[in-house]
Amino acid sequence: MAVPELIRIVSRDSPMALAQVERVRAELTAAHPGVRTEVVPVRTTGDKWLGDLSQVEGKGAFTKEVDAALLAGEADLAVHCVKDVPADRPLPAGTVFAAFLERDDVRDALVHPDGLTLDALPPGTRIGTSSVRRVAQLAATHPQLRCVPLRGNANRRLAKLAEGEVDALLLAAAGLERIGRADVISEVLSPDVMLPPVGAGVLALQCREGDTGLIEAVSVLSHPDTHRETTAERMLLHVLQGHCNSPIAGLARVDRSGELSLRACVFTPDGKTRLNAHEWAGRLDPATLGTSVAVALLRQGAREVIDGIPH
Ligand SMILES: NCc1[nH]cc(CCC(=O)O)c1CC(=O)O
């Protein structure tokens, strides 16, 4: 196998994204000593536009410019948070996932300056989050709290918290760890309290379809159980065909015996309706499990819930 001498890696230019690239570089050079890597940072629409994401044309606000650089040949390998890669459509034509890295923490975390936990927050506490998934679940379990729209990368959100624009934040624990700020976490929320989004904590490596040498070289970084979980979760989302305003959560897990299961929820924005499905794969392959759980949710009325939300 001819490993390319130089691999140019494209990614968003946020501190979290660049930390992700460093992990990929470290894993690549460990697997292929002697390989050189170069970083090609790009700023995406999602980084530039700090308003409502549903007002940005189409999905993929955090991936479009990265994919374009890959397709234009300005880089050879793209690093994405799977969570930010649209699952309702195929990957951009001419590109493929070459690997899913071992999954990090999937859970959301509460950041409160005085270290309070979610249940201890006083009524009216302003929680900075623009995630419809977080807002819906919080509305259901903690209606006394107030969600305030807040966008921008994790570092900017922490700055806004410090400035007093909000009283607390909900952020992915994995993201905080990546930027070296796990110290601000006051509580890591169990998936039973806050079910994570599809693809939480997973990094994907994407290549040009024809780049077979690179695809083969990069595929050694792939983590088989993460691949199974991610495949089930993304198929769920593909079948459900949600939109930017539809709160959907989904978490697949491979347990100690190697069994794959998938739990997923579809909510109304106020959290008052919560459709729930949980299935074990048994003899089903991961993608078929994703379809099966989606169909279970559709039978409970997920289509009507999703289409009934303005977008
Ligand atoms: N939408 C931004 C984004 N994309 C992925 C992560 C977290 C890390 C991950 O799940 O891979 C975050 C930040 C957050 O939600 O706090």
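Residues numbered from 1 in each chain as written. Predicted model: local features only at pLDDT ≥ 70, side-chain atom pairs only at ≥ 80, totals over all residues. Heavy atoms only, no water.

Peer 1: Which residues make up the site of the ligand, and what are the values?
Peer 2: If you check the shell around the ligand, you find C81, K83, D84, R134, L171, A172, R178, A200 and G201 and nothing else. G201 places a polar main-chain atom, nitrogen or oxygen, 2.8 Å from an oxygen atom of the ligand. Burial of the ligand by the protein amounts to 89% of the accessible area it has alone, namely 400 Å². Here the residues of the shell around the ligand sort into four nonpolar, one polar and four charged. Split by domain, the shell around the ligand shows at least three residues from each of two domains, domain 1 (6-100 + 202-222) and domain 2 (108-188). (Near = heavy atom within 4 Å. Polar contact = N/O pair within 3.5 Å; in protein donor to acceptor, adjacent residues only side chain to side chain. Areas by Shrake-Rupley, 256 points an atom, 1.4 Å probe, with all protein chains shown as cover. Nonpolar A, V, L, I, M, F, W, Y, C, P; charged D, E, K, R; others polar. Domains from an automatic or database assignment.)

Peer 1: Before we move on, could you go through the pattern of salt bridges and cite the residues and values that matter?
Peer 2: Under the definition given, this model contains 22 salt bridges. For D76, the salt bridge identified is with R208, shortest N-O distance 3.3 Å. On the criterion of sequence distance, the pair formed by D76 in the loop between α3 (64-71) and β3 (77-81) and R208 in strand β10 (residues 203-208) is long-range, its members being 132 residues apart. Look at D76 and you get buried, because its relative accessible area is 10%. (Salt bridge = Lys/Arg side-chain N within 4 Å of Asp/Glu carboxyl O. Helix = DSSP H or I, 4+ residues; strand = E, 2+ residues; numbered from the N terminus. Buried < 20%, exposed > 50% of the residue type's maximum accessible area, 1.4 Å probe, protein only.)

Peer 1: Lay out helix α4 (residues 132-141) with the relevant residues and their values.
Peer 2: Within the span of α4, buried status applies to R133, R134, A136, Q137 and L138. Turning to α4, the residues buried within the fold contact β5 (108-111), β6 (126-128), β7 (146-148), β8 (168-172), β11 (248-254) and β12 (260-267). (Contact = heavy atoms within 4.5 Å.)

Peer 1: I'd love a proper account of the pairing of strand β1 (residues 6-12), names of residues and values included.
Peer 2: For β1, a buried count of five out of seven residues is recorded, marking the element as mostly surrounded by other parts of the structure. Relative to strand β2 (residues 36-42), β1 runs parallel, the two being bridged by seven bridges. The residue bridging R12 from the neighbouring strand is V42, located in β2. You can see the chain leave β1, run along helix α1 (residues 15-31) and come back into β2, and the turn it takes is right-handed. Alignment of β1 against β3, held across two bridges, turns out to be parallel. Across the sheet, residue V10 finds its bridge partner in β3, namely A78. (Pairing = 2+ DSSP bridges. Right-handed = clockwise from strand over helix to strand, strands pointing away.)

Peer 1: Provide a residue-level description of the UniProt feature "modified residue: S-(dipyrrolylmethanemethyl)cysteine" (unreviewed entry) in the protein chain, including the pertinent values.
Peer 2: Here, the residues flagged by UniProt with the feature "modified residue: S-(dipyrrolylmethanemethyl)cysteine" (unreviewed entry) are C244. Turning to its location among the elements, C244 is positioned in the loop between α8 (224-240) and β11. Judged by relative accessible area, which is 37%, C244 ranks as partly exposed. (UniProt positions renumbered as here; feature names shortened; annotations may be inferred.)

Peer 1: Which residues make up the UniProt feature "domain: Porphobilinogen deaminase C-terminal" (unreviewed entry) in the protein chain, and what values do they have?
Peer 2: According to UniProt, the positions carrying the feature "domain: Porphobilinogen deaminase C-terminal" (unreviewed entry) are residues 229-298. Split by type, residues 229-298 is 36% helix and 31% strand. Its first and last C-alpha atoms lie 21 Å apart.

Peer 1: Tell me about the sheet that holds β12, and name the residues and values.
Peer 2: On the basis of which strands lie adjacent, the open sheet formed by three strands has the order β11-β12-β13 and antiparallel pairing. Of all strands in the sheet, those bounded by a partner on one side alone are β11 and β13 (274-280). Strand after strand, the sheet turns through a mean of 10° between neighbouring axes, direction not considered. Looking at chain direction, β11 and β12 are connected through seven bridges and run antiparallel. (Axes fitted to C-alpha atoms, helices over the stretch in contact; angles between N-to-C directions.)

Peer 1: Explain the environment of C81 to me, using residue names and the numbers behind them.
Peer 2: Assignment of secondary structure puts C81 in strand β3. Placed 156 residues apart in sequence, C81 and L237 show a C-alpha to C-alpha distance of 15 Å. Sequence-distant contacts of C81, defined by excluding residues within four places in its chain, comprise Q20, R178, V202 and L203.

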